[in-house]
Amino acid sequence: MANGWFGKKRLPGAEVQEAPPSIPDGLWTQCGKCREVLFAREWERNLKVCTKCGHHFRLTAPERIAMLLDEESFVEIDGDLTSANPLNFPGYDDKIRRHGAASGLKDAVVSGHGTLDGYALSVAVTDAHFMRGAMGSVVGERISRAVELATQRRTPVLLISGSGGGARMEEGLLSLMQMAKTSASIARHHDAGLMTIILLTDPSLAGIMASWGSLGDVLLAEPGAQIGFVGERVSQQAHLGKVPQGFQSSEFQLTHGQIDQVVHRKDLRDTLTLLLEFAGAPGVA
Amino acid sequence: MTASIEEFERAIAELETQIERVRKLTRDQGLDRSDEIAKLEELKSDLLRKRYGKPTGWDKTQIARNPKRPFTLDFVRLMFSDFTELHGDRLTGEDGAMVGGIARLNDQWITLVGHQKGRDASERHHRNFGYARPEGYRKALRLMRLSEKFKRPIICFIDTPGADCSVTSEEHGISESIARNIHEMFRLRVPIIVVITGEGGSGGALGIGIGDRVLMLEHSIYSVIAPEGCAAIVWRDAKRGSEAAEVLGLTPHQAKRFGIVDEIVKEPLGGAQRDYDAAAKSLKDALVRNLAELHQIQTEELLRSRYDRFRSLGVFHAGS
Ligand SMILES: [Zn+2]
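Since we're looking at a predicted model, the values are computed, not measured. (Residues numbered from 1 in each chain as written. Chains lettered and ligands numbered in written order. Predicted model: local features only at pLDDT ≥ 70, side-chain atom pairs only at ≥ 80, totals over all residues. Heavy atoms only, no water.)

## Some points on helix α3 (residues 92–103) of chain A
Residue and element names in this part refer to chain A. The end-to-end C-alpha separation of α3 is 16 Å, in line with the 16 Å expected for twelve residues at 1.5 Å each. Among the residues of α3, those classed as buried are Tyr-92, Ile-96, Gly-100 and Ser-103. Looking straight down α3, one finds its buried side chains confined to an arc of 85 degrees; they lie on one side. When the buried face of α3 is taken as reference, the exposed residues oriented beyond 90 degrees from it are Arg-97, Arg-98, Ala-101 and Ala-102. (Helix = DSSP H or I, 4+ residues; strand = E, 2+ residues; numbered from the N terminus. Expected span 1.5 Å × (residues − 1). Buried < 20%, exposed > 50% of the residue type's maximum accessible area, 1.4 Å probe, protein only. Arc of directions from axis to C-beta.)

## Comments concerning the packing of aromatic side chains
Tallied over the entire structure, the rule returns seven aromatic pairs over all chains. Three or more aromatic residues joined by ring pairs make a cluster, and in this case those are B:Phe75, B:Phe80 and B:Phe157. Above the plane of the ring of B:Tyr307 lies A:Arg188, whose end atom (NZ or CZ) is 3.5 Å from the centre. The aromatic ring of B:Phe310 is capped on one face by B:Arg309, whose charged end is 4.8 Å from the ring centroid. (Phe/Tyr/Trp six-rings, centres within 6.5 Å; stacked < 30°, edge-to-face > 60°. Lys NZ or Arg CZ within 6 Å of the ring centre and 35° of its normal.)

## Remarks on the coordination of the zinc ion
Residues and elements named next belong to chain A. The protein atoms that coordinate the zinc ion are Cys-31 (SG), Cys-34 (SG), Cys-50 (SG) and Cys-53 (SG), at distances of 2.3 to 2.4 Å. Metal-centred angles of 107 to 112 degrees between the four donor atoms at the zinc ion mark the site as tetrahedral. Each donor residue of the zinc ion lies on one chain, and together they are spaced C-x2-C-x15-C-x2-C. Of this pair, Cys-34 sits in the loop between β1 (28–30) and β2 (37–39) while Cys-53 sits in the loop between α1 (40–45) and α2 (61–68); the two residues are 19 residues apart in sequence, bridging distant segments of the chain. (Donors = N, O, S within 2.8 Å, 3.2 Å for Na, K, Ca; no water. Tetrahedral: all angles 85-135°; square planar, octahedral: opposite > 155°, others 65-115°.)

## Details of the interface of chain A and chain B
At the interface, 57 residues of chain A touch 49 residues of chain B. Of the roughly 4,500 Å² buried where chain A meets chain B, counting both sides, 69% is carbon and sulfur surface. On the chain A side of the contact with chain B, A:Met169, A:Leu173 and A:Phe229 bury the most area, a combined 15% of that side's loss. Along the contact surface separating chain A from chain B lie three salt bridges. Ionic pairing is found between A:Glu148 and B:Arg311, a salt bridge with its closest N-O pair at 2.7 Å. Counting across the chain A and chain B interface gives 14 residue pairs in polar contact (both at pLDDT 80 or more). Residue assignment for the side of chain A that touches chain B shows that the elements contributing at least two residues are β4 (82–83), α4 (137–153), α5 (172–191), β10 (227–228), α6 (232–239) and α7 (250–255) of chain A. Per-element accounting of the side of chain A that touches chain B gives the leading share, 18 residues, to α5(A). Sheet topology note: the β4(A)/strand β9 (residues 316–317) of chain B ladder contains two bridges and is antiparallel. Bridge pairing in β9(B) places A:Thr82 opposite B:His317. (Contact = heavy atoms within 4.5 Å. Buried area = accessible area lost by both parts, 1.4 Å probe. Salt bridge = Lys/Arg side-chain N within 4 Å of Asp/Glu carboxyl O. Polar contact = N/O pair within 3.5 Å; in protein donor to acceptor, adjacent residues only side chain to side chain. Pairing = 2+ DSSP bridges.)

## Re the domain arrangement of chain A
Interface size is commonly expressed as the accessible surface area that is lost when the partners come together. Residues and elements named next belong to chain A. Each assigned domain of chain A is listed here: domain 1 (24–57) and domain 2 (59–278). One C-alpha centre belongs to domain 1, the other to domain 2; they are set 24 Å apart. The partner domain 2 presents eight residues to the five residues of domain 1 that form the contact. Here domain 1 and domain 2 share an interface that buries about 620 Å² over both sides, 57% of which is from carbon and sulfur atoms. Of all residues in domain 1, Leu-47, Lys-48 and His-56 give up the largest surface area on contact with domain 2, accounting jointly for 77% of the area buried on that side. In this assembly, domain 1 and domain 2 are joined by one salt bridge. Ionic pairing is found between Glu-63 and Lys-48, a salt bridge with its closest N-O pair at 2.4 Å. On inspection of domain 1 and its partner domain 2, the count reaches five residue pairs in polar contact (both at pLDDT 80 or more). Here the residues of the side of domain 1 that touches domain 2 sort into three nonpolar, one polar and one charged. (Domains from an automatic or database assignment. Nonpolar A, V, L, I, M, F, W, Y, C, P; charged D, E, K, R; others polar.)

This is the structure:
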């Protein structure tokens, strides 16, 4: 079953940023970590995990959804929301257009509802390919709406982070307020006795982690993801010294009690299924 | 070009020295120089009115960071009685960058939590320059829950450049501690008033920043990122912080325009650092008035409004 997740169709954004331009399109890809040149077909069958070193490549939000949810079950909602430029921040409109064109996304999030092994749930995925996945008004709104929909339908919600940017400074304070907004929605979801699952993928930083990224009943992470409050560079500057080996990796956060489990991509669906079963999530007949 | 706030303050200090000199002359020689003194005082107010009348975002940033501004414990001393400081997060530690305790505002018991900066070198170190750690946020939450238990309102004073991003704080879960506070503050069943008194630095501010009313002192700032940091990212030049301060919308007026802040609290002419008593009185009046309003609201309605208030924040386009 796992092998079929990428089987049907080639998903948008399959040429990830790590592919060097000298290699013919789509045939080969190179591992960003161990530099091994991988046969693309095999690498895709391996869920875009390096067959040599186990490096988990970044996925796009649509890829992530296709990989985790039951086939054809995903229904996107709020796909019509797009970023405004409330502060008239220089260059922001242009940046949105460029990132939109390059990623094929409207903004840094894809959200909706679907089923996972038959269990109905809401899902929202942030995507680092669009402005580093930074949380502007659209990201905050779509996450809040996805959570609220789950509360309303009394289903669990699965929030997946691939956000290196944290806050989107082009939207100023409004961006910061998305942390408050998304946390508020999750608080209500918890109060309704419903499950929130957070999956942290590379990268998950800053405003995301200081809000919804830390607010799951259960926090899972993919191996080797960068997870932390501020980037390593900033921490280093603040500390005027070296940070420890593996600082802010998934494994570091596991060791320090900040996440529940590091899960290999191939095992994610099974782990999520168990959690949904535990929560007594209603299945879809 | 307009002088920077720092240059301007140096000029004012020089003027004040002159005024003092004339006063001394009056005292020592018994000559009446009141006309000249009045003239110089008038000049000073005039300059202050002009310079502080229309401050830019960068001006506000510098005023908000002025080390002479009243800090949380100064306001506490001037506004509350019977303040009893309570320490520790009951988990691992005590954070000097976050203070808290119980106190009386007129006749009413409240709980106060707030960032604390230091004045001299040793206190600055003890207060970690106002960069609160996970221990600080967890202490704040513990005290807010104490307040809820005894049905006392909560007042939060924000004055931080940001949360502490040291390796130790990362290991102790700085992100989680902020996220948890934001989450829990939506569930606390007592009125909460948040005041940004100086620097409202990003997530570090928001970690005690959820409330039924959010007030900003006239010369405080509230920003998603330090202007210098923003400039370093956008223009790869941290020295262009003054430009970034204008586009980030970090002033009280901008925050109010987007509904992020409810009220701007007037400061004495030339900023709170010139007259602690006047600044404290102005803030105290605002707190008393807002608390009285919040006491009229039923708990369920209070929580619903708090949710709706933050839920509505954001600007985007809908429809293709
Ligand atoms: Zn590899």
